[in-house]
Amino acid sequence: MYEGAIQDLIDELGRLPGVGPKSAQRIAFHVLSADPADVTRLATALRRVKELVRFCTTCYNVAESEQCRVCRDQRRTDEVLCVVEEPKDVVAIERTGEFRGRYHVLGGAINPLEGIGPDNLRIRELLARLGTGTVRELILATDPNTEGEATATYLALMVKPMGIAVTRLASGLPVGGDLEYADEITLGRAFEGRRAV
Ligand SMILES: [Zn+2]
């Protein structure tokens, strides 16, 4: 299509998740016409994220030191552990301000079609953490889709015999939503997860 550097940039952008060929081209030409200072900042941010960000050695959340901010926080309880698929799920749960326990980031979900089994996730590391006997409740906060459910079911089977309470996030109806527009799976789960008022 184009030659040299601009095509290289389009190709690289096109490899990013959620960026199609047209978006890649649009971003590349935006970069070409942007203020050099803005582009330098972007390039620096890209380089720094690879240089500075690593995974927490305890929970595998993203961190800029040995341990992530959540693991370093002395005010949180070690007795409740919340299992999520990705670091972005930690951010989503932290945003609610409801959770004061610790996390464990699996790095994905069981997905046989893509060849991702339990050994490809940080399940061994999770079991090692649970083996210390500190955790009283394990919250399974994997995604409410087929892969997330399969992962939650697998973990529940592994962990229940250890005498740890295993809970799953209630799937609810979107706040501000209309009951009639909820799909039957969501509505069915909301019924299952109902609680006393
Ligand atoms: Zn951590």
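Conventions used here
- Residues numbered from 1 in each chain as written.
- Predicted model: local features only at pLDDT ≥ 70, side-chain atom pairs only at ≥ 80, totals over all residues.
- Heavy atoms only, no water.
- UniProt positions renumbered as here; feature names shortened; annotations may be inferred.
- Helix = DSSP H or I, 4+ residues; strand = E, 2+ residues; numbered from the N terminus.
- Phe/Tyr/Trp six-rings, centres within 6.5 Å; stacked < 30°, edge-to-face > 60°.
- Buried < 20%, exposed > 50% of the residue type's maximum accessible area, 1.4 Å probe, protein only.
- Pairing = 2+ DSSP bridges.
- Axes fitted to C-alpha atoms, helices over the stretch in contact; angles between N-to-C directions.
- Contact = heavy atoms within 4.5 Å.
- Salt bridge = Lys/Arg side-chain N within 4 Å of Asp/Glu carboxyl O.
- Left-handed = near helix turned anticlockwise from the far one by under 90°.
- Nonpolar A, V, L, I, M, F, W, Y, C, P; charged D, E, K, R; others polar.
- Donors = N, O, S within 2.8 Å, 3.2 Å for Na, K, Ca; no water.
- Tetrahedral: all angles 85-135°; square planar, octahedral: opposite > 155°, others 65-115°.
- Patch = residues over 30% accessible without salt bridge, like charges linked within 9 Å, V, L, I, M, F, W, Y side chains within 5 Å.
- Areas by Shrake-Rupley, 256 points an atom, 1.4 Å probe, with all protein chains shown as cover.

Those residues carrying the UniProt feature "zinc finger region: C4-type" (unreviewed entry) are residues 56-71 in this numbering. In this annotation, residues 56-71 is assigned 19% helix and 12% strand; the end-to-end C-alpha distance for the span is 8 Å.

Before going further, it helps to spend a moment on the packing of aromatic side chains. Scanning the entire structure with this criterion turns up two aromatic pairs. With a centroid separation of 5.2 Å and an interplanar angle of 65°, the aromatic rings of Tyr 2 and Phe 29 are classed as edge-to-face. Of this pair, Tyr 2 sits in the segment before helix H1 (5-14) while Phe 29 sits in helix H2 (residues 21-33), and the two are 27 residues apart along the sequence. Since its relative accessible area comes to 33%, Tyr 2 is described here as partly exposed.

The subject of this paragraph is the sheet that holds strand S5 (residues 137-140). Strands in a sheet are paired, the pairing made by backbone hydrogen bonds, and the direction either parallel or antiparallel. Read across the open sheet, the four strands follow the order S4-S3-S5-S6; overall the sheet is parallel. Strands at the two margins of the open sheet, each flanked by one partner only, are strand S4 (102-105) and strand S6 (165-168). Each strand axis lies, on average, 25° off the axis of its neighbour in the sheet, ignoring direction. Sheet topology places strand S3 (residues 80-84) next to S4; four bridges connect them, and they run parallel. Bridged to Val 84 within S4 is Val 105. Against the sheet, helix H7 (residues 146-159) makes contact with S3, S5 and S6, and its axis sits at roughly 170° relative to S6, the strand it touches most.

Once that is clear, we can look at the pattern of salt bridges. Within this structure, the stated rule accounts for eight salt bridges. With a shortest N-O distance of 2.9 Å, Arg 76 and Glu 94 are connected by a salt bridge. Of this pair, Arg 76 sits in the loop between helix H4 (69-72) and S3 while Glu 94 is found in helix H5 (residues 87-96), placing the two residues 18 residues apart along the sequence. Given a relative accessible area of 6%, Arg 76 falls into the buried group. In this structure Glu 94 comes out as partly exposed when scored by relative accessible area, which is 29%. Measuring nitrogen to oxygen at the nearest pair gives 3.1 Å for the salt bridge that ties Arg 168 to Glu 149. With a gap of 19 residues between them, Arg 168 in strand S6 and Glu 149 in helix H7 connect regions that are remote in the sequence.

Let us look at the packing of helix H6 (residues 123-130) against H7. Viewed as axis vectors pointing N to C, H6 and H7 meet at an angle of 35°, and their least axial separation amounts to 12 Å. Note on packing geometry: the crossing formed by H6 with H7 is right-handed. In this structure, H6 uses Ile 123, Leu 126, Leu 127 and Leu 130 to contact H7, whose residues at the interface are Tyr 154, Leu 155, Met 158 and Val 159. The residue inventory of the contact of H6 with H7, partitioned by class, reads eight nonpolar, no polar and no charged.

Further remarks concern the coordination of the zinc ion. Looking at the metal site, the zinc ion is ligated by Cys 56 (SG), Cys 59 (SG), Cys 68 (SG) and Cys 71 (SG), spaced 2.2 to 2.3 Å from it. The site at the zinc ion holds four donor atoms, and with the angles between them running 101 to 119°, its shape is tetrahedral.

Residues Val 49, Leu 52, Val 53, Phe 55 and Val 62 make up a contiguous nonpolar surface patch of roughly 380 Å² in combined accessible area. The residue Phe 55 is located in strand S1 (residues 54-55) in this model. Phe 55 sits in the partly exposed class, given a relative accessible area of 48%.

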